[in-house]
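Here is what each chain is made of, one letter per residue.
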Amino acid sequence: MKKNFLFLLAIACSSLLPALQSSADAANPPMLTLDGKTTSITSPDGKVGLSFLLDSEGRPTYSVVFGEETIVRPSTLGFEFKDQEPMLKNFRRVNVDFCQVDSVWQPVWGENSSIENKYNGFTVFLSEKNKQQPRKLNIEFRVYDDGVAFRYLFPDQDVKKFVVADEKSQMRMGGDYKAWWIPGDYDTQEYEYTCTNLSGIRAAMPQALIENVSTTTFSPTAVQTSLMLKTPSGKYVNLHEAALVDYPAMHLNLDEESLTFTSWLTPSPDGTKASFEAPFRTPWRVIMVGDKATDILATDIIYNLNDPCALAETDWIHPVKYMGVWWEMITGKSAWSYCDARDFDLATFDYSKAKPHGHHGANNENVRRYIDFASQNGMDAVLVEGWNVGWEDWFGKQKDYVFDFVTPYPDFDIDALNKYAHDKGIKLIMHHETSASVPNYERHIDAAYDLMNRYGYDAVKSGYVGKMLPDGQNHYSQWAVNHYLDCVRKAADKHIMVNAHEAVRPTGLARTYPNLIGNEAAMGTEYQTMSPEHPTILPFTRLKGGPMDYTPGVFVMDLSKFAPGNQNKKKATIANQLGLYVTMYSPLQMACDFPEHYAAKADAFRFIKDVPVDWSESRYIDAEPGEFIVAARKDKNSDCWYAGGITASQAKDFNLSLDFLKPGCKYEVTIYADAHDANGFTNPEAYVIAKREVDSTVTIPIRMAPAGGFAISFRPIK
Ligand code: NOJ
Ligand code: CA
């Protein structure tokens, strides 16, 4: 496939199907060919190709090539509906609109201060054949240098209402690719990744899961996106969706014989998948490709497919580095609740008569301790969980009340603590655990956000632990997806930033709503003992849709040292925990451990103090999912660079070439590395710190321990 920019430029965003059909043969083979049947287009660099045709039965069919390799073999597209004929075949092509875009935009926060959005695309306009009232369906395709995307457009037409029984978007993979996957659960992404070939997914699907959800439409061959894949020839492929708005989240269900994925939408309680009225556009279905693993880490395709920022003002949105009254509850050292449920009258909710159990974390004195340390160490904020009444009896309860999100516990003085924090340059971060009782949250959300405005909270961490209410809803259904976005929009109106846990995994909506500064939507540090492979996979999967509130920074790995009864040991070295601040991009970064643990290792904590949370430039230097990641980033507000690396279970020697630094400039570097005997499993807290001077010609040899890593800061010497 050859490039022909002039040719495409001439037809940019035009409807020239008939003209092209006659002129295409004469021309030098262009980026797009129309032989009357097939429409083909290539990426701006000519390496990624997409072809579309209607097969002999009028089925929309597409395929994708990357260089010499077929990534998606001919795959069909369409829908089944609840009470009308499917839209799968019997189409005729009415028109094709071609489009070429080459633009740049500036995110409010991000890994880079500007993002290139460059693609060639087309929309095919389809209409049903031989029907009295033919329905219309348009499909929009975009081809970027790093992937392909398509979405369905239901134009305004006689039939207005569509109730989707199933979306039938196929991705017929080019081979039995290696895959890093989590099960197609409709309610949680909190799984460790399994790595098998596609043909091995069924055998490796957790048996307990199959048994527990056998009454639903759970499929033992369905996996979640973003799905990371590797072809036998060593190319990297990633399947995800972008701009999930007013539609259920999509998993991918595999037919093992043909190695074909079909979209597998999260059901509504009545078993249907989505309802909408034309005109309507679905989320994008995205196939990212790369020669190197780092290409998948670096691609911005998901953000590019989302709409530009919808907020008129964004100067109130800012990256946040925070500490929290949190790790102590997660590890069991203290509690969210004020008293034990048995010592409390759940009928009256009268805390004046309650007998406190004495280890409530969010008490005035403890919160002030965190504020003091955060303020002395250049943090922006302190999260306080367990500040509000209701934690005595909330977990796993199917009830429609529990929290009101406005009433503090007697030992949490909301007014005084916010004043204390603000005087020290710290914001408190609000916490709304909804216990997945969405109707309850929706009843209280206005008052809850107003309370935040009144006391000066500008960020909320929300959470959806447990089974969704109302009954039969799932965390990723169309209704739930709408709820999460409604909260983000409402929060934007009130200048509140949102970090939602247990909500649907992100699909790049933070471009449109940059007040969505974080999500969890995967296993984070709260799973105290997960494998060291996990954080080397997340940037290839979960992070493709947006940043994660991963909450790194554990400095004391043996949790029994401070949380009696907790026998867990974190499998990570201190240098690994520091490296995460560079490898795991987020504009919201927590230093999750206790003030006293950081004070005891102030030299290592220095990196967490220094590391920025907003970048002008990011380079993924080398990586392999499940093995290691090495990255370097430049601070958005200075000329300092930062590098970081993490390994999984195997140690790794790495030569870090500093060619990303400004040529001719000298830098003072501080290297935080694993000690020679460090080991994330057996000797996790051994680290060394060294300083030296370097320039861009230098290569620094680094040894990362098992479950280890490194972090480096580079300050230009003036
Ligand atoms: C689960 C969240 O992920 C965690 O961070 C939070 O502390 C608990 N829910 C309680 O809300
Ligand atoms: Ca969680």
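In case you missed it, the structure is sitting above this.
So, how was this worked out
- Residues numbered from 1 in each chain as written.
- Chains lettered and ligands numbered in written order.
- Predicted model: local features only at pLDDT ≥ 70, side-chain atom pairs only at ≥ 80, totals over all residues.
- Heavy atoms only, no water.
- Pairing = 2+ DSSP bridges.
- Helix = DSSP H or I, 4+ residues; strand = E, 2+ residues; numbered from the N terminus.
- Axes fitted to C-alpha atoms, helices over the stretch in contact; angles between N-to-C directions.
- Contact = heavy atoms within 4.5 Å.
- Parallel < 35°, antiparallel > 145°, perpendicular 65-115°, else oblique.
- Nonpolar A, V, L, I, M, F, W, Y, C, P; charged D, E, K, R; others polar.
- Expected span 1.5 Å × (residues − 1).
- Core = buried A, V, L, I, M, F, W, Y, C linked by side-chain atoms within 4.5 Å.
- Buried < 20%, exposed > 50% of the residue type's maximum accessible area, 1.4 Å probe, protein only.
- Donors = N, O, S within 2.8 Å, 3.2 Å for Na, K, Ca; no water.
- Tetrahedral: all angles 85-135°; square planar, octahedral: opposite > 155°, others 65-115°.

Brief notes about the sheet that holds strand β11 (residues 161-167)
Taking strand neighbours across the sheet as the criterion, the three strands line up as β6-β11-β20 in an open arrangement whose pairing is antiparallel. A strand with exactly one partner marks an edge of an open sheet, and here the two such strands are β6 (79-81) and β20 (274-277). The sheet shows a mean angle of 45° between the axes of neighbouring strands, direction not considered. Of the pairings in the sheet, the one linking β6 to β11 comprises three bridges and is antiparallel in character. What sits directly across from glutamate 80, in β11, is aspartate 166.

Let's talk about the sheet that holds strand β26 (residues 459-463)
The strand order across the open sheet formed by seven strands is β28-β27-β26-β25-β24-β23-β29, and the pairing between neighbours is parallel. Taken across any chain shown, the strands that pair with only one partner, and hence form the sheet edges, are β28 (516-519) and β29 (588-590). Neighbour-to-neighbour, the strand axes of the sheet open up by a mean angle of 25°, direction not taken into account. Looking at chain direction, strand β23 (residues 320-325) and β29 are connected through three bridges and run parallel. Paired with valine 320 across the strands is leucine 588, a residue of β29. In this fold helix α10 (residues 438-455) packs onto β25 (427-433), β26 and β27 (497-501), with an angle of close to 170° to the strand it touches most, β25.

Describing the packing of helix α13 (residues 574-583) against helix α15 (residues 602-610)
The contact between α13 and α15 brings their axes to 10 Å, and the two run at 10°. In terms of their interaxial angle, α13 and α15 are classed as roughly parallel. Across the interface between the two elements, Ile574, Leu578, Tyr581 and Val582 from α13 touch Ala604, Phe607 and Ile608 from α15. Looking at the contact of α13 with α15, its residues break down into seven nonpolar, no polar and no charged.

A closer look at helix α11 (residues 478-493)
An ideal rise of 1.5 Å per residue puts 22 Å on 16 residues; α11 measures up with 23 Å between its terminal C-alpha atoms. Those residues of α11 hidden inside the fold are in contact with β20, α10, β27 and β28. Two residues or fewer past α11, histidine 495 is found with a positive phi of approximately 55°.

Focus: the nonpolar core
The biggest cluster of nonpolar side chains holds 207 residues, and the ones touching the most others in it are Tyr62 and Phe154. With eight residues, the top contributor of residues to this core is α11. With residues near it in sequence (within four places) discarded, phenylalanine 154 still touches Phe79, Phe81, Met87, Leu137, Phe162, Phe276, Ala278, Pro279, Phe280 and Thr282. Grouped together as the second largest cluster of nonpolar side chains are 23 residues, Leu661, Met704, Ile712 and Phe714 included.

Details of the coordination of the calcium ion (ligand 2)
Tetrahedral coordination by four donors sets the ideal angle at the metal to 109.5 degrees; octahedral coordination by six donors sets it to 90 or 180 degrees. Looking at the metal site, the calcium ion (ligand 2) is ligated by Glu190 (OE), Glu502 (OE), Glu520 (OE), Glu520 (OE) and Glu526 (OE), spaced 2.2 to 2.6 Å from it. Seen from the calcium ion (ligand 2), its six donor atoms lie at angles of 53 to 165°, and the figure they make is irregular. Sequence positions of the residues that donate to the calcium ion (ligand 2) give the spacing E-x311-E-x17-E-x5-E. In this pair, glutamate 190 is assigned in the loop between β13 (178-181) and β14 (194-197) and glutamate 520 in the loop between β28 and α12 (534-537), connecting sequence segments 330 residues apart. Glutamate 520 matches glutamate 190 in its accessibility class, with the two residues each being buried.

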